[in-house]
Amino acid sequence: MKIYDTPGFPNPLRVRIVLAEKNLLARVEFINIDLTAAEHKQPAFLAINPTGTIPVLELDDGTYISECTAITEYLDNFAGNPTLTGTTAREKALIHMMQKRAESELIDAIGIYFHHATAGLGPILQAYKSPEWAGRTEWGQMHREKALAGLGYFDRVLRQQPFIAGEGFSMADATVLGGLLFAHYANIAVPEEYSALLAWKARMYLRPGVANA
Ligand code: GTS
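## Considering the packing of helix α4 (residues 89-117) against helix α6 (residues 137-160)
Now for step 1: It is at 8 Å that the axes of α4 and α6 come closest, and there the two elements cross at 150°. Here the hand of the crossing between α4 and α6 comes out left-handed.
Now for step 2: Looking at the contact of α4 with α6 residue by residue, the class counts come to 14 nonpolar, 7 polar and 4 charged.

So this is what it looks like as structure tokens:
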């Protein structure tokens, strides 16, 4: 298997955590994609993922899978022992619900703020962003507010339960960790009063699957 990504970037971190949690890091070859040079917007990359985003998983039979949730579903299930996406109907539903919230309320909101209200990854990549979005800093700023609200939401969740989707570590935890990494790059500080979120983050980084990602 191959993973096309950029080390140290937020969405790639989600999949790297999954690989580490599943003990699969040694089973994949990493292909580095240079986002600042807009390599992911060139025809060769768009042929493997038309949405022009990383990460992408390439299976040994040449199938390409993009979207972290889909990649995670594959990696969690291919050995027949799912641990991150739920086993019962209830678990699966709760994990997917929280995964979606972690994307829309946090990591994706920060991505929109970062790419559309800040200098993002620089001028080469900015040139590939939709022209009708260019300069929409107000819209980008709204997504900063949305992300801050998302941080507050996950703090409240973690006051009630030890993990994002309940009693066990799941892909939703990996996504919130990716969101916190993105918040750091986008200079969005987690407010100190979100102590449950901060304590959870510290606990997560003690997990080998997160520390080794
Ligand atoms: N929903 C996608 C997923 O789950 O894979 C999001 C992927 C995504 O936005 N990836 C970012 C990207 O490729 C990388 S990261 O910086 O968020 O880690 N961005 C490219 C771009 O041009 O915005």
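Having seen the model, we can carry on.
## Considering unusual backbone geometry
Now for step 1: The peptide bond linking Ile-54 to Pro-55 adopts the cis configuration, its omega dihedral lying at 5°.
Now for step 2: Relative to the helices and strands, Pro-55 resides in the loop between α2 (43-46) and β3 (56-58).
Now for step 3: The residue Asn-23 is not glycine, and still its phi comes out positive at about 60°.
Now for step 4: As for its position among the elements, Asn-23 is in the loop between α1 (10-21) and β2 (29-32).
Now for step 5: With a phi close to 60°, Asn-187 is a non-glycine residue in the positive phi region.
Now for step 6: One can find Asn-187 in the loop between α7 (171-185) and α8 (195-204).
Now for step 7: Residue Asn-187 is classed as exposed on the basis of its relative accessible area of 67%.

## Structural notes on α6
Now for step 1: Here α6 spans 35 Å end to end across 24 residues, near enough to the 34 Å set by a 1.5 Å rise per residue.
Now for step 2: Looking at α6, one finds that the buried residues are Gly-140, His-143, Ala-147, Leu-148, Gly-150, Leu-151, Gly-152, Phe-154, Asp-155, Val-157 and Leu-158.
Now for step 3: Here the buried face of α6 lies against α4, α7 and α8.

## Describing the domain arrangement of the protein
Now for step 1: Under the domain assignment used here, the protein contains domain 1 (2-77) and domain 2 (89-207).
Now for step 2: A C-alpha centroid distance of 19 Å is found between domain 1 and domain 2.
Now for step 3: Facing 18 residues of domain 1, the contacting portion of domain 2 comprises 19 residues.
Now for step 4: Between domain 1 and domain 2, roughly 1700 Å² of surface is buried when both sides are summed, and carbon and sulfur atoms account for 63% of that area.
Now for step 5: When the buried surface of domain 1 facing domain 2 is broken down by residue, Pro-10, Arg-14 and Glu-21 rank first, second and third, together holding 31% of it.
Now for step 6: In this structure, the connection of domain 1 to domain 2 is made through 2 salt bridges.
Now for step 7: Here Glu-103 and Arg-14 are joined by a salt bridge, their closest N and O atoms 2.8 Å apart.
Now for step 8: Summed over the shared surface of domain 1 and domain 2, the result is 7 residue pairs in polar contact (both at pLDDT 80 or more).
Now for step 9: Only α1 and α3 (68-77) provide two or more residues apiece to the side of domain 1 that touches domain 2.
Now for step 10: At 6 residues, α1 tops the list of elements feeding residues into the side of domain 1 that touches domain 2.

## Let's talk about the nonpolar core
Now for step 1: In this structure, Leu-75, Val-176, Leu-197 and Trp-200 are the most contacted members of the largest nonpolar core, which totals 63 residues.
Now for step 2: Residue assignment for this core shows that the elements contributing at least two residues are β1 (2-5), α1, β3, α3, α4, α6, α7 and α8.
Now for step 3: With 10 residues, α4 is the largest single contributor of residues to this core.
Now for step 4: Residue contributions to this core reach at least three from each of two domains, namely domain 1 (2-77) and domain 2 (89-207).

Criteria and cut-off values
Residues numbered from 1 in each chain as written. Predicted model: local features only at pLDDT ≥ 70, side-chain atom pairs only at ≥ 80, totals over all residues. Heavy atoms only, no water. Axes fitted to C-alpha atoms, helices over the stretch in contact; angles between N-to-C directions. Helix = DSSP H or I, 4+ residues; strand = E, 2+ residues; numbered from the N terminus. Left-handed = near helix turned anticlockwise from the far one by under 90°. Nonpolar A, V, L, I, M, F, W, Y, C, P; charged D, E, K, R; others polar. Buried < 20%, exposed > 50% of the residue type's maximum accessible area, 1.4 Å probe, protein only. Expected span 1.5 Å × (residues − 1). Contact = heavy atoms within 4.5 Å. Domains from an automatic or database assignment. Buried area = accessible area lost by both parts, 1.4 Å probe. Salt bridge = Lys/Arg side-chain N within 4 Å of Asp/Glu carboxyl O. Polar contact = N/O pair within 3.5 Å; in protein donor to acceptor, adjacent residues only side chain to side chain. Core = buried A, V, L, I, M, F, W, Y, C linked by side-chain atoms within 4.5 Å.

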